[in-house]
Amino acid sequence: NSRLVGTKNVFIPSGETKDVEFTLNTDAAPISGNAGTYNVVVTAGVGEEVDRSTAVQLTVVQAGGISITGISQAEFNTTANSNVSLKLTVTNTDIKDNTVALSAEGSGDLEGKVKVSPSTFTVKAEGSKSQDITVEIGNVVDGPYEITLKAASEFKSDTEILTVNVKGGYIVPEEPKKDVLG
């Protein structure tokens, strides 16, 4: 399964030597942001004829990416149709800045009734960011629910499970759908 990932043209006069530096983008296929060993073939040629090629191994020891490294509360009490403010810490081990997409999904009756904001933010390269977030709890009956909070960058994601205990909340009736004819 081979694929050309890039080319670089360098003129070297006959009889001379020159160091040539290559940079491989480890964010793009077939070399992904995952740790592992990848076979890379470097080919040198003259015109249309190939003179030399050599296989080398590229080892990615630590894949860069993001992870949730802290949350102010993993369990909290609230009422239905309310907002809860939390502080989320995300760490970026990549050598470049990463945009983090944040999402939340509730379990059981809370499924489809949880929102989180902001939905995106940026974490600087090899750094951490503490972000104030708001978790909006929808119209749901009393009880304990799990919320899966997901932080994702382009190639890596991490999740944190939160427990919300909805107690004594007033359940606002759903608005009846109005008939367009009358």
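Residues numbered from 1 in each chain as written. Predicted model: local features only at pLDDT ≥ 70, side-chain atom pairs only at ≥ 80, totals over all residues. Heavy atoms only, no water.

**Observations concerning the overall build of the protein**
Thought 1: When helices and strands are tallied, the protein shows zero helices and eleven strands.
Thought 2: Out of the 182 residues in the protein, the part that is buried amounts to 29%.
Thought 3: Considering only contacts within the protein whose residues lie at least 6 apart along the sequence, 58% involve residues at least 24 apart.
Thought 4: Surface exposure of the protein reaches about 12,400 Å², of which carbon and sulfur atoms provide 48%. (Helix = DSSP H or I, 4+ residues; strand = E, 2+ residues; numbered from the N terminus. Buried < 20%, exposed > 50% of the residue type's maximum accessible area, 1.4 Å probe, protein only. Contact = heavy atoms within 4.5 Å. Areas by Shrake-Rupley, 256 points an atom, 1.4 Å probe, with all protein chains shown as cover.)

**Observations regarding the environment of Ile133**
Thought 1: Residue position: Ile133 is located in strand β9 (residues 127-137).
Thought 2: As a C-alpha pair, Ile133 and Lys87 span 46 residues in sequence and 6.0 Å in three-dimensional space.

**Some words on the sheet that holds strand β3 (residues 66-71)**
Thought 1: Strands sit in the order β3-β5-β9-β7 across an open sheet of four strands; the sheet is antiparallel. Edge positions in the sheet fall to β3 and β7 (114-117), since each of these pairs with one other strand and no more. Strand after strand, the sheet turns through a mean of 35° between neighbouring axes, direction not considered.
Thought 2: Alignment of β7 against β9, held across four bridges, turns out to be antiparallel. (Pairing = 2+ DSSP bridges. Axes fitted to C-alpha atoms, helices over the stretch in contact; angles between N-to-C directions.)

**Looking at the sheet that holds strand β4 (residues 75-78)**
Thought 1: The five strands are arranged β4-β11-β10-β6-β8 in an open sheet whose pairing can be described as mixed. Each edge of the open sheet carries a strand with a single partner, namely β4 and β8 (120-123). Ignoring strand direction, the axes of neighbouring strands in this sheet form an average angle of 30°.
Thought 2: Pairing geometry for β4 and strand β11 (residues 157-166), over four bridges, is parallel. Within β11, the residue paired with Phe76 across the bridge is Val164.

**Regarding a nonpolar patch on the surface**
Thought 1: A cluster of nonpolar residues, Val10, Ile12 and Val20, forms a patch on the protein surface that exposes about 190 Å² of accessible area.
Thought 2: Position of Val20 among the secondary structure elements: in the segment before β1 (36-46).
Thought 3: By relative accessible area, Val20 is classed as partly exposed at 32%. (Patch = residues over 30% accessible without salt bridge, like charges linked within 9 Å, V, L, I, M, F, W, Y side chains within 5 Å. Salt bridge = Lys/Arg side-chain N within 4 Å of Asp/Glu carboxyl O.)

**Some remarks on the environment of Thr69**
Thought 1: Structurally, Thr69 is set in strand β3.
Thought 2: Accessibility expressed as a relative area gives 47% for Thr69, which makes it partly exposed.
Thought 3: The spacing of Thr69 and Thr89 is 20 residues in sequence and 5.6 Å in space, taken between C-alpha atoms.

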